[in-house]
Amino acid sequence: MPWSMRRPCRHPGCAKISVRGKVYCAEHADRESDRMRGTAAQRGYDGIWREERANFLTLNPLCKECLKEGRAEPATRVDHIIPHRGDKRLFWDRSNWQGLCETHHNRKTARGE
């Protein structure tokens, strides 16, 4: 199968070459997908969420995964156990929340969970 021709990145002012079969270079590809999914506030992470998050972390100060590993590390993220994918009911369901440290949250997110 022939390869598609590589073109300049479509990001304004970028002179880099796009990734094969894509319209943006590697540096701008992720930013474009972030823009398409909306801002944090548009996805529900607004002032009300920040307040509820702070309350939850006060009541659940330790990372749930670190505790399973026998370590006591502070939870810095409120994770949705089942990804809500925009479902507001699931987003606000506190039984679907868990406190995680940044490392465990990033690992879980990278796995797409």
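Scoring rules and cut-offs
- Residues numbered from 1 in each chain as written.
- Predicted model: local features only at pLDDT ≥ 70, side-chain atom pairs only at ≥ 80, totals over all residues.
- Heavy atoms only, no water.
- Core = buried A, V, L, I, M, F, W, Y, C linked by side-chain atoms within 4.5 Å.
- Buried < 20%, exposed > 50% of the residue type's maximum accessible area, 1.4 Å probe, protein only.
- Helix = DSSP H or I, 4+ residues; strand = E, 2+ residues; numbered from the N terminus.
- Contact = heavy atoms within 4.5 Å.
- 1 Å grid on protein atoms, 1.4 Å probe; cavity = no way out; pocket = protein on both sides within 12 Å on 5 of 7 lines; lining within 4 Å.
- Points joined across faces, edges and corners; volume = space filled by probe spheres on them.

**Considerations on the nonpolar core**
Phase 1: Core analysis: the biggest nonpolar cluster contains seven residues, these being W49, F56, L57, A75, V78, F91 and W97.
Phase 2: Sorting elements by how many residues they give to this core places helix α2 (residues 47–59) first, with three residues.
Phase 3: In this structure W97 touches W49, E52, F56, V78, D79, H80, I81, F91 and W92, once residues within four positions along its chain are discounted.

**Regarding the layout of surface pockets**
Phase 1: Roughly 660 Å³ of internal volume is contained in the largest pocket.
Phase 2: If you go around the largest pocket, you meet 17 residues; those closest to its centre are Y45, H80, H84, H105 and T109.
Phase 3: Counting only elements with at least two residues in the lining of the largest pocket, the list comes to α2, β1 (77–80) and α5 (102–110).
Phase 4: Per element, the largest residue contribution to the lining of the largest pocket is four residues, and it comes from β1.

**Some details on the environment of A75**
Phase 1: Here A75 is to be found in the loop between α3 (64–68) and β1.
Phase 2: C-alpha of A75 to C-alpha of Q98: the two residues are 23 residues apart in sequence and 8.9 Å apart in space.
Phase 3: If we ignore the near neighbours within four places in the chain, the residues touching A75 are L57, N60, P61, L62, C63, G99, L100 and C101.

**Regarding the side chain of H105**
Phase 1: Relative to the elements of secondary structure, H105 occurs in helix α5.
Phase 2: Sequence-distant contacts of H105, defined by excluding residues within four places in its chain, comprise R77, D79 and L100.

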